[in-house]
Amino acid sequence: MNIIKAFWRRLRSPSKVAVGVVLLMGFMGGLLFWGAFNTGMEATNTEEFCSGCHAPIVKEIRETVHFSNRSGVRAICSDCHVPHNWTDKIVRKVQASKELFAHYVTKTIDTEEKFKERRSHLAEREWHRMKENNSQECRNCHNFDYMDFSEQGPRSVKQHSTALASGEKTCVDCHKGIAHKLPDMQGIEGW
Ligand code: HEC
Ligand code: HEC
Ligand code: HEC
Ligand code: HEC
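Residues numbered from 1 in each chain as written. Chains lettered and ligands numbered in written order. Predicted model: local features only at pLDDT ≥ 70, side-chain atom pairs only at ≥ 80, totals over all residues. Heavy atoms only, no water.

> Explanation requested: the coordination of the iron atom of ligand 4 in the structure shown.
Note on metal geometry: ideal angles are 109.5 degrees for four donors arranged tetrahedrally and 90 or 180 degrees for six donors arranged octahedrally. Protein coordination at the iron atom of ligand 4: the donors are H81 (NE2) and H180 (NE2), at 1.9 to 2.0 Å from the metal. One can describe the site at the iron atom of ligand 4 as octahedral: its six donor atoms subtend angles covering 89 to 179 degrees at the metal. With a gap of 99 residues between them, H81 in helix α4 (residues 77–81) and H180 in the segment after α9 (171–174) connect regions that are remote in the sequence. Exposure remark for H81: the relative accessible area of 26% places this residue in the partly exposed category. With a relative accessible area of 26%, H180 lands in the partly exposed category. (Donors = N, O, S within 2.8 Å, 3.2 Å for Na, K, Ca; no water. Tetrahedral: all angles 85-135°; square planar, octahedral: opposite > 155°, others 65-115°. Helix = DSSP H or I, 4+ residues; strand = E, 2+ residues; numbered from the N terminus. Buried < 20%, exposed > 50% of the residue type's maximum accessible area, 1.4 Å probe, protein only.)

> Could you clarify how one ought to interpret the coordination of the iron atom of ligand 2 in this entry?
Only H66 (NE2) and H142 (NE2) from the protein coordinate the iron atom of ligand 2, and they sit 2.0 Å from it. Considering all six donor atoms around the iron atom of ligand 2, the spread of angles at the metal, 87 to 179 degrees, places the coordination shape in the octahedral class. With H66 in the loop between α3 (47–61) and α4 and H142 in the loop between α7 (136–139) and α8 (154–164), this pair connects stretches of sequence that are 76 residues apart. For H142, a relative accessible area of 45% puts it in the partly exposed group.

Shape is all these values report; function is a separate question.
See the structure below:
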């Protein structure tokens, strides 16, 4: 009995060292979990990860300015498709878990024909997303405030200084198909 009592007493008034040890263990556990979690977030942001299921698209992108250009700056899949902001990133990753279902269960785009059929639907989802967030992912690299109009072609300046500057239109309203082949655009509004 005495031992139990002593045990409880110790628990209720733990020594400073014990408290320190417990806190430290909690902290290290937290770090480990945090590390593993963020490693997972990173691993699912690589091009290799996306290529596993989107091989046709990876092939196309090699011919565009976002793969190779005079400045040597590359945009990879996640630069355009996964938010940088932490909370938005988590939300997007959770949404993306339905892609797993579409890949393994319903197999919506596992053949070229099926992908072709479904492409305009998927593109529209992406345009919608980008319109909603004012093309945030483009803006992570292309900052309107630092666009030097004197370096741009007249066609660009005309549009950028009007519809873009006023906020009436966002990047993807005018720049569709910059990284991929466009889907069949018949019946797509405003095109
Ligand atoms: C396990 C396979 C798999 C992986 C890995 C994967 N995707 Fe997908 N993704 C799919 C499937 C399947 C669809 C089609 C979903 C549908 O038919 O509704 C899709 C659809 C999309 C779409 C269309 C928009 C939408 O909301 O459906 C985008 C954009 C996309 N994926 C980007 C990515 C990016 C970027 C990565 C890497 C960070 C990635 N995917 C990794 C299987 C995958
Ligand atoms: C990771 C950074 C990055 C992201 C994200 C990005 N871009 Fe770019 N973009 C570049 C670079 C680098 C170039 C090439 C610059 C040069 O000419 O050297 C470029 C070029 C362009 C061009 C010029 C095309 C041409 O033929 O000269 C357009 C238009 C463009 N981007 C639009 C977009 C849009 C729209 C988005 C969002 C969907 C986007 N970019 C996302 C880095 C990025
Ligand atoms: C109202 C339509 C419109 C909007 C909105 C728009 N652009 Fe453009 N942009 C154009 C046109 C038109 C061109 C010229 C294309 C050409 O001549 O082939 C252009 C050209 C460019 C170029 C190449 C510039 C040059 O002259 O070398 C870049 C980079 C670019 N846009 C990025 C963006 C980004 C990033 C956004 C969003 C922040 C954006 N644009 C929004 C219409 C637009
Ligand atoms: C420079 C930005 C940019 C990069 C880099 C990029 N995408 Fe996209 N992606 C877009 C835009 C914008 C759309 C909407 C359709 C369009 O305009 O082509 C799109 C659409 C898609 C779609 C829907 C189907 C379709 O073809 O429209 C899928 C799937 C997709 N992207 C996957 C990927 C994968 C996988 C990678 C990497 C290999 C990648 N994207 C790289 C900007 C980008």
